[in-house]
Amino acid sequence: MATIFSHAVVGCTMVGLLPSKLRAKSIYFFAGLSAILPDFDYLGYVRQIPYSSVWGHRGITHSLLFAAITGIVLGVPHGFWLKASAVRLSVFFFLTTISHGIIDACTNGGLGVAFYAPYNTLRYFFPWRPIQVSPMGLGFFSERGLVVLISELYWILLPCAAIALVRVALNWKRKNQN
Ligand SMILES: [Zn+2]
């Protein structure tokens, strides 16, 4: 896994995909939450469910099906609250949730991601895996944790910061043109 902090940053950065009138605080909160939600399977790891099980780490909670259900569960109520398209917001939360599995599939350790669970429980990685895998639990507070943080800074956090800066610059330009 990548750290939950980096996953949350990716989810919040993706709010930029929505038009500005939909960028409510709750959207930022749930975009970040949906991007870390798949790692709640860590509870199964604590309860000694095997990693390779469909209920294990990077199993069903990292699948396209889980992302679709999460997308609908979060997108439909937000559609009502914001008087916006529930379909659009469901697709948005699907994307923030599946971003988690996509990033995990770019890490260089552990088992792959069961994108097609429960239909197909094979685990997948992408051919390009530049992100150092994060140790589970307290193992993060070690020299290895520092290597992971540097890797995520380079491959996840700095690109997200660059996207945020471009957005700020474009908004500033747009305001000054009006
Ligand atoms: Zn994960």
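Residues numbered from 1 in each chain as written. Predicted model: local features only at pLDDT ≥ 70, side-chain atom pairs only at ≥ 80, totals over all residues.

K.L.:
I'd like to hear about the overall build of the protein, residue by residue, with values.
P.N.:
Across its full length, the protein holds six helices and zero strands. Order of helices (α) and strands (β) in the protein, N terminus to C terminus: α-α-α-α-α-α. Taking 16 Å as the expected radius of gyration for a compact globule of 178 residues, we find that the protein reaches 17 Å, a close match to that expectation. Each principal axis of the C-alpha distribution contributes one length, and for the protein these read about 55 × 35 × 30 Å. When the 178 residues of the protein are sorted by exposure, 36% land in the buried category. Put simply, of all contacts in the protein between residues at least 6 apart along the chain, 60% involve residues at least 24 apart. (Helix = DSSP H or I, 4+ residues; strand = E, 2+ residues; numbered from the N terminus. Rg over C-alpha atoms; globule rule 2.2 N^0.38 Å. Buried ≥ 20, exposed ≤ 12 C-beta atoms within 10 Å, placed from the backbone. Contact = placed C-beta atoms within 7 Å.)

K.L.:
Run through helix H1 (residues 4–13), naming residues and quoting values.
P.N.:
Counted residue by residue, H1 has eight buried out of 10 residues, so it is predominantly covered. For H1, the elements touching its buried residues are helix H2 (25–36), helix H5 (86–104) and helix H6 (143–177).

K.L.:
Could you give an account of the environment of alanine 117, with specific residues and numbers?
P.N.:
Inspection of the secondary structure assignment puts alanine 117 in the loop between H5 and H6. Setting aside residues up to four positions removed in sequence, alanine 117 forms contacts with Val54, Gly59, Ile60, Ser63 and Leu65.

K.L.:
How would you explain the nonpolar core if you had to name every residue and give the values?
P.N.:
If you look at the biggest cluster of nonpolar residues, it comprises 24 residues, and the most contacted ones within it are Val10, Ala31 and Phe93. Counting residues per element, the ones that place at least two in this core are H1, H2, helix H4 (64–81) and H5. Ranked by the residues each element gives to this core, the list is headed by H5, at six residues. Ranked by size, the runner-up nonpolar core spans five residues in total, among them Ala105, Val113, Ala114 and Ala117. (Core = buried A, V, L, I, M, F, W, Y, C linked by C-beta atoms within 7 Å.)

K.L.:
Hey, could you go over H4 for me, with residue numbers and the actual values?
P.N.:
The end-to-end C-alpha distance of H4, which contains 18 residues, comes to 26 Å, matching closely the 26 Å that a straight helix rising 1.5 Å per residue would cover. Along H4, the residues that are buried comprise Phe66, Ala67, Thr70, Gly71, Leu74, Gly75 and His78. Contacts from the buried residues of H4 go to H2 and H5. Remark: lysine 83 follows H4 within two positions and exhibits a positive phi of approximately 50°. (Expected span 1.5 Å × (residues − 1).)

K.L.:
Before we move on, could you go through the environment of tryptophan 55 and cite the residues and values that matter?
P.N.:
Residue placement: tryptophan 55 occurs in the loop between helix H3 (42–46) and H4. The exposure class of tryptophan 55 is partly exposed, given the 14 C-beta atoms found within 10 Å. Sequence-wise, tryptophan 55 and tyrosine 45 are 10 residues apart; in three dimensions their C-alpha atoms are separated by 9.2 Å. In this view, tryptophan 55 contacts Gly44, Ile49 and Ile60; residues no more than four positions away in its chain are not counted.

K.L.:
Let's hear about the packing of H2 against H5: which residues, and what values?
P.N.:
Two numbers describe how H2 lies on H5: the axes approach to 7 Å, and their chain directions differ by 40°. Considered as vectors, H2 and H5 are oriented oblique to each other. Crossing handedness for the pair H2 and H5: right-handed. Residues Phe30, Ala31, Ser34 and Ala35 of H2 form the contact with H5, whose participating residues are Phe93, Thr96, Thr97, Ser99 and His100. A per-class count over the contact of H2 with H5 returns four nonpolar, five polar and no charged. (Axes fitted to C-alpha atoms, helices over the stretch in contact; angles between N-to-C directions. Parallel < 35°, antiparallel > 145°, perpendicular 65-115°, else oblique. Left-handed = near helix turned anticlockwise from the far one by under 90°. Nonpolar A, V, L, I, M, F, W, Y, C, P; charged D, E, K, R; others polar.)

K.L.:
Break down unusual backbone geometry for me, with residues and values.
P.N.:
The peptide bond linking alanine 117 to proline 118 adopts the cis configuration, its omega dihedral lying at 0°. For proline 118, the location among the structural elements is in the loop between H5 and H6. The backbone of glutamine 48 shows a phi angle near 65°, a positive value even though the residue is not glycine. Within the secondary structure, glutamine 48 sits in the loop between H3 and H4. Its identity is not glycine, yet arginine 58 carries a phi of approximately 65°, on the positive side. Structurally, the position occupied by arginine 58 is in the loop between H3 and H4.

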